[in-house]
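Architecture at a glance
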Amino acid sequence: MTDQAELAPFAEGGCTCRQVRYRLTSRPLFVNCCHCRWCQRETGSAFAINAMIEADRVQLLQGEVEVMDTPSQSGKGQKISRCPNCHVAVWSNYAGSGDAVRFVRVGTLDNPDLLPPGIHIFTASKQPWVLLPPGTPAVSEYYKAAEVWPKESLERRAALMGKRK
Ligand SMILES: [Zn+2]
Ligand SMILES: [Zn+2]
């Protein structure tokens, strides 16, 4: 059973050359802002903002993505989906959550302001000039979703894990 209202298009995004366009059909499960050195290096910036969402809630509207195997901090690797033309990364899949959850790069949304971080992670390596907003949870490394995510997102995650069995 799917709630139709929940599946109304939530946001669209894409790469820089506009060959790849995608749509999120609902709010994501949660948004992590990661300050680890790996994300800093991959983005060439101070942090990465990842919206975690069920893969079947990401519709490819146009183009195809090229999936690149890329090392990750866990040692298990991540698969980064990029535009084959301009090579901008639109989302990743990590070994931990597999293909079922995409980590959509919030900066590729047409309106990235829609998804501010729900938590700041790996703040141990946060660049010192970055000042975190006081109202948002922040942890030095990682966290347990059960302690931070809203109930609705935990239920969606449980449904996903049920499907994988
Ligand atoms: Zn492109
Ligand atoms: Zn990171």
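So, a few notes on the structure that sits alongside this text. (Residues numbered from 1 in each chain as written. Chains lettered and ligands numbered in written order. Predicted model: local features only at pLDDT ≥ 70, side-chain atom pairs only at ≥ 80, totals over all residues. Heavy atoms only, no water.)

Once that is clear, we can look at the packing of aromatic side chains. According to the stated counting rule, one finds 6 aromatic pairs in the structure shown. The interplanar angle of 70 degrees and the centroid separation of 4.7 Å between the aromatic rings of Tyr94 and Phe103 together place this pair among those described as edge-to-face. Assessed through its relative accessible area of 10%, Phe103 is described here as buried. Note on Phe122 and Tyr142: the rings are 6.4 Å apart at their centroids and 40 degrees apart in plane angle, and the pair reads as tilted. (Phe/Tyr/Trp six-rings, centres within 6.5 Å; stacked < 30°, edge-to-face > 60°. Buried < 20%, exposed > 50% of the residue type's maximum accessible area, 1.4 Å probe, protein only.)

Where a metal carries four tetrahedral donors, each ideal angle is 109.5 degrees; where it carries six octahedral donors, the ideal angles are 90 or 180 degrees. The coordination sphere of the zinc ion (ligand 1), as far as protein atoms go, consists of Cys15 (SG), Cys17 (SG), Cys83 (SG) and Cys86 (SG), spread over 2.3 Å. The site at the zinc ion (ligand 1) holds 4 donor atoms, and with the angles between them running 106 to 115 degrees, its shape is tetrahedral. In the primary sequence, the donor residues of the zinc ion (ligand 1) line up as C-x1-C-x65-C-x2-C. Pair noted here: Cys17 is in the loop between strand E1 (11-14) and strand E2 (21-24) and Cys86 is in the loop between strand E7 (78-82) and strand E8 (89-94), with a separation of 69 residues, a long-range link. A relative accessible area of 26% means that Cys86 is categorised as partly exposed. (Donors = N, O, S within 2.8 Å, 3.2 Å for Na, K, Ca; no water. Tetrahedral: all angles 85-135°; square planar, octahedral: opposite > 155°, others 65-115°. Helix = DSSP H or I, 4+ residues; strand = E, 2+ residues; numbered from the N terminus.)

A separate point is the sheet that holds strand E9 (residues 101-105). One open sheet holds the 7 strands; their spatial order is E6-E7-E8-E9-E4-E3-E10, and the pairing between them is mixed. The open sheet has two edge strands, strand E6 (66-70) and strand E10 (119-121), and neither has a second partner. For this sheet, the mean angle separating the axes of adjacent strands, direction not counted, is 30 degrees. The pairing of E7 with E8 spans 5 bridges and is classified as antiparallel. Each residue of the ladder has a partner; that of Ser81, found in E8, is Trp91. (Pairing = 2+ DSSP bridges. Axes fitted to C-alpha atoms, helices over the stretch in contact; angles between N-to-C directions.)

Now for the coordination of the zinc ion (ligand 2). Those protein atoms acting as donors to the zinc ion (ligand 2) are Cys34 (SG), Cys36 (SG) and Cys39 (SG), and they sit at 2.1 to 2.3 Å. Every donor residue of the zinc ion (ligand 2) comes from the same chain, spaced as C-x1-C-x2-C. Each member of the pair Cys36 and Cys39 is classed as buried.

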